[in-house]
Amino acid sequence: MDNRGSSAIGGRTGYVLVVIAAVLVSAVLVPVVWEETSGPDDAVAVVSIDRTITSSTVDALEEDLREARQNETVKAVVLKVDSPGGSAAASERLYLAVQRTVEADIPVVASVQATGASGAYYAMLPAERIYTMPSSMVGSVGVRATTPAPPYGNEIRTGPDKASGTMEQRREQVETLRRMFVGSVMKHRGDDLNISREEVSHAKVYVGPNAVENGMADRIGTQSDAIEYAADQAGLDSYAVVEKEPPTLGGIILLGTDSGQPVVVKKSPVGYDGVDAGTPLMVYGEVQYQDEVITNGSA
Amino acid sequence: MAARDVLKQVGLFVVIVAVVVGGTAVAGTIGTSTDAPSTPDVQNEQFEPSNALPPTDDGTGSITMDADAESKTVLVDVGHENGISESDIQPLLNTLVDNGHEIRFFTRQDRDLNESLRSADAYLVANPRQRYTGEQIAGVAAFERAGGRVLFLSEPAETQGLGGLLIRRIEQVDNVDSAIGSTFGLAVQSGYVYNLQENQNNYKSVYATPAGSSDLTDGVDRVVLREASPLVAPDDATTLQSLDGTTLSTTRNGGEYTLAAHTGNVTAVGDTDFLNAENAYVADNEAFIGNLADFLVSGDKAEGAPQPPQPEGGAPGSGPTGPTPQPPQRAP
């Protein structure tokens, strides 16, 4: 009798206790799962352009921007820029990706850290507003490329321009890229600029206050200011800030020894292995080309 | 409690937790759909060929000479560490040879420039990096006074990077010994000129237009100079000048700069690149080169100039002299 009663109570009570325990455990887990699966309702995504712009870094950045366009919770994008630019083609790709994001009705705001020059400046042109730090370097609207190498005798080619073409051809190619770069600057910032097309072509970099004064940038401000403005443009009162992981290093630096002496070989992150294709660059600053930087440490 | 009951209760627990937590997860993903919307179109008129492509120059034409002169000898100086090679001025040299004139080179092995000048009718010197001796300067001056033609070419100092990644030294290599130019009242300014408004596909490729009418600018509307140094020359000596709005790299001052000048029997041009095969047929460069060839062979140099130095106790004065000092002639 006792056994039966005990068993019956244990059975019903047991089930009740199990249900209560399950609900309690669920109550603990639900907020965690909800947080993981839903995230905040609205977010401002921060996409970092923080190194030389190469094809591989743009792969990652394009993916970040595509994600921002596709994720309905991302309402605005801030470009955190600290780059001297990169290859012309990669810079143009990034420009187009930013432009598509703007066209998708997502406010894009740029925040320049130390440098937002050349190809990096190109990339942020479609931004609604460009913030710079007081000491940021902004501008350098121009293109550069190596001159064609003299014909190499020990080779058979199928045509005279197979390897590199003529100086005049290279000049025309670079000029074409310059026209498109300057054309893009005038398209996006023509109404704000207080300097002429020719002055833009001068490829000068400007420190923050100069850049704001001449219209190459809009405001002196920090990344927080940029985030706040982006959120405001998206009509957000409360929002989360989602920092996208910056792309991995694009260049390769090798350290080695040669005959006991230290040798440094730094490979251009925008060229091709073993081939100097005269890749046009949109870069501010001195460039170490592949064939230029093999040196003895004591030289 | 039977083992069966325990199993049922554990099962119930798992089902309830799975339903609640799983449902939450599903609900959480609603609203973060990653369905790909179509990629927004972008319009970029600045990439259209009509806006992006620069005008091209077909680079055709031929270099011709008008001068109907008898065969003359042109001495080309490559003995002063000149920053130029024979191939750099090949179109001019070929034109002279095609028209029956002789080219000779003064090399480092030819110790006496004045002796070489004596048998020449014209003297061409480009980018002399080694200084002239006083005797050589006097010799070239005497050569010019005697009617010999002098073509003086220069271009901006070159910047050369020495060393490598860790230790790097930048050196400026001056291309011009200023003493030789100053003998004729000519000097080369430091830096290069550029024009961002109107150029031949690069800011350094400036247009030079005639400053007036002369034999040197006959048939020339505009010449393209790839990297030119402005010249300092007497006011009336300017032959070619840059377009208004051209800027000097060192001072960043805009204006019209003298890029070719002519005084006496001397012509100076602040560029050498226009003479190479790739640039010789751009714009009206071929006409200008033909005129320079005519200039070189149109002189009437007195024989034997510059004279060798007089032996001690000989005629007064020493060093090379021309036979009869005469005022500079306007030529051609």
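Residues numbered from 1 in each chain as written. Chains lettered and ligands numbered in written order. Predicted model: local features only at pLDDT ≥ 70, side-chain atom pairs only at ≥ 80, totals over all residues. Heavy atoms only, no water.

Caption draft 1: Expanded view of the sheet that holds strand β8 (residues 193-194) of chain B. Residues and elements named next belong to chain B. Pairing within the open sheet is antiparallel, and its three strands lie in the order β8-β13-β14. A single partner strand is all that each edge strand has here, and the edge strands are β8 and β14 (254-255). Inspection of the sheet shows strand β13 (residues 246-248) paired to β14 by two bridges, in the antiparallel sense. For Thr 246, the partnering residue across the bridge sits in β14 and is Gly 255. (Pairing = 2+ DSSP bridges. Helix = DSSP H or I, 4+ residues; strand = E, 2+ residues; numbered from the N terminus.)

Caption draft 2: Structural detail: the pairing of strand β15 (residues 258-263) of chain B. Residue and element names in this part refer to chain B. Summarising burial for β15: five of the six residues are buried, a large majority. Bridge count for β15 against strand β16 (residues 266-269) is four bridges, and the pairing is antiparallel. Bridge pairing links Ala 261 to Ala 268 in β16. Hairpin connection from β15 to β16: two residues lie between these consecutive antiparallel strands, with Gly 264 at a positive phi of about 60 degrees. (Buried < 20%, exposed > 50% of the residue type's maximum accessible area, 1.4 Å probe, protein only.)

Caption draft 3: Quick peek at the sheet that holds strand β9 (residues 206-210) of chain B. All names here are of chain B. One open sheet holds the nine strands; their spatial order is β2-β1-β3-β4-β16-β15-β12-β9-β10, and the pairing between them is mixed. Each having just a single partner strand, β2 (102-106) and β10 (223-225) make up the two edges of the open sheet. Adjacent strand axes in the sheet meet at a mean angle of 20 degrees when their direction is disregarded. Here strand β4 (residues 149-153) runs beside β16; their pairing, made up of four bridges, is parallel. Looking at β16, one finds that Phe 152 is bridged to Ala 268. On the sheet, helix α3 (residues 90-98) packs against β1 (73-77), β2, β3 (122-126) and β4 and is oriented at approximately 135 degrees with respect to β2. (Axes fitted to C-alpha atoms, helices over the stretch in contact; angles between N-to-C directions. Contact = heavy atoms within 4.5 Å.)

No statement about biological role is implied by the geometric values presented.
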